[in-house]
2 protein chains.
Amino acid sequence: MDFDQADAVNQAIRLLSLRHRARTAELLAPLGLHPGQEALLLELARTGPMIQAQLSEALSVERPSVTLMARKLEAAGHIRRSPAPDDQRATVVELTDGGRALTEKVKQLWCALAQETLAGLTTETVAELPGLLKTLTCNVDTRRPHSRRDAG
Amino acid sequence: MDFDQADAVNQAIRLLSLRHRARTAELLAPLGLHPGQEALLLELARTGPMIQAQLSEALSVERPSVTLMARKLEAAGHIRRSPAPDDQRATVVELTDGGRALTEKVKQLWCALAQETLAGLTTETVAELPGLLKTLTCNVDTRRPHSRRDAG
DNA sequence: TAGAATTAGTTATGCGAATAACGTTATTCG
DNA sequence: CGAATAACGTTATTCGCATAACTAATTCTA
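First, a word on what this report is: a plain description of the structure on this page. All of these numbers come straight from a predicted model, not from anything done at the bench. (Residues numbered from 1 in each chain as written. Chains lettered and ligands numbered in written order. Predicted model: local features only at pLDDT ≥ 70, side-chain atom pairs only at ≥ 80, totals over all residues. Heavy atoms only, no water.)

Moving on to the overall build of chain A. A count of helices and strands for chain A gives 6 helices and 3 strands. Mapped in sequence order, the helices and strands of chain A form the string α-α-β-α-α-β-β-α-α. The C-alpha extent of chain A, read off along each of the three principal axes, is 55 × 35 × 25 Å. Taking all 152 residues of chain A together, the buried fraction comes to 47%. When contacts within chain A are restricted to residue pairs at least 6 apart in sequence, long-range pairs at least 24 apart make up 48% of them. For chain A, the exposed area adds up to about 7700 Å²; of that, 52% sits on carbon and sulfur atoms. Averaging the positions of the 19 positive and the 19 negative side-chain charges in chain A gives two centres separated by 6 Å. (Helix = DSSP H or I, 4+ residues; strand = E, 2+ residues; numbered from the N terminus. Buried < 20%, exposed > 50% of the residue type's maximum accessible area, 1.4 Å probe, protein only. Contact = heavy atoms within 4.5 Å. Areas by Shrake-Rupley, 256 points an atom, 1.4 Å probe, with all protein chains shown as cover. Lys, Arg positive; Asp, Glu negative; His and termini not counted. Charge placed at Lys NZ, Arg CZ, Asp CG, Glu CD.)

Okay, structure coming up:
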């Protein structure tokens, strides 16, 4: 593997990470959300009520991070947390009505972000992009091949 | 813009960011480096001695972050910092011999990382990848179009 | 059924990087 | 020249996410 090529790819990924986070934070600020929290809300919107361990798995963030995110979202009234009926250890997390409404706004922002992110790319490239990025992600993955819904 | 598509892209970018950072940290740990520090070393290797403001610009990280990274790299003996002769405000940063040697090891790791990251992709796709990622980055960029060396 | 191993969640702590505010040095302009 | 402005670097503080260590609940197994 040629170093210049490797360097170019790694640099590009590093930069994309930095900028994407910054831009996300910027877009989410008016809604009072921080990056990461929106992923939790969208996951709940997709999947329905989940326990925190499932969220941790789905979002690929560690359990303590889920605890913190969930606390803040609960304090803001966006989600509700309640003990699971069948497992006294688990905490079920679900969207409140307000949280669901907020999620719709996040979806709009998400579309706007994607639109500016993907500006200038062909429809074909855009269609291939998630699969390509997931391939990069899975290849770089430390743990498991992350097999939920293979969109590539 | 279709939400599912936007969501897929944004999710993929978020995940790639998380995993790439984690994998980078993992690879760099044996060298005693943390993610971000290696970018500074490689930039110095590419460009030669620079002042911190230039590094901040080149790496797209803020000045205080450069200060901290540089402090640690200096403490580890990888770089040298000295006042700029022509500007008493500026601090010139350059690689030590040890730092240069370390950089070579980082380059090897970088190649290995790219190899596993890009496994399974066609040569053609790999060649297009940096340009594609830079396009995403520039589009998402908050500040300027980041025009140094357009490899797309 | 009793004890070991596993799992859910939390607390404490560390690190990278951002912003805000500050002191110091250069530069620009009246 | 001297004052205002800008630029370089640092400190202080905050935020997100990670790991380590802990408690409590569940499941496995002997």
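Residue and element names in this part refer to chain A. Look at helix α4 (residues 63–75): 18 Å from first C-alpha to last across 13 residues, which is about the 18 Å you get at 1.5 Å a residue. Of the positions making up α4, those classed as buried are V66, M69, A70 and L73. Seen end-on, α4 carries its buried residues on one side only, within an arc spanning 100°. Looking at α4, the residues exposed on the side facing more than 90 degrees away from the buried face are P64, L68, R71, K72 and A75. Residues of α4 that are buried in the fold lie against α2 (37–47), α3 (52–59) and β2 (79–83). Positive backbone phi, approximately 85°, marks G77, located one or two places after α4. (Expected span 1.5 Å × (residues − 1). Arc of directions from axis to C-beta.)

Our next topic: unusual backbone geometry. All names here are of chain A. With a phi angle near 60°, S60 is a residue other than glycine that sits in the positive phi range. Structurally, S60 is set in the loop between α3 and α4. Relative accessible area serves as the criterion here: at 9%, S60 is assigned to the buried category.

Residue and element names in this part refer to chain A. The geometry of α2 relative to α4 is characterised by a closest axis approach of 10 Å and an angle of 80° between their N-to-C directions. Compared by their axis directions, α2 and α4 come out roughly perpendicular. Within the contact between the two elements, α2 uses Q37, L40 and L41 and α4 uses M69, A70, K72 and L73. (Axes fitted to C-alpha atoms, helices over the stretch in contact; angles between N-to-C directions. Parallel < 35°, antiparallel > 145°, perpendicular 65-115°, else oblique.)

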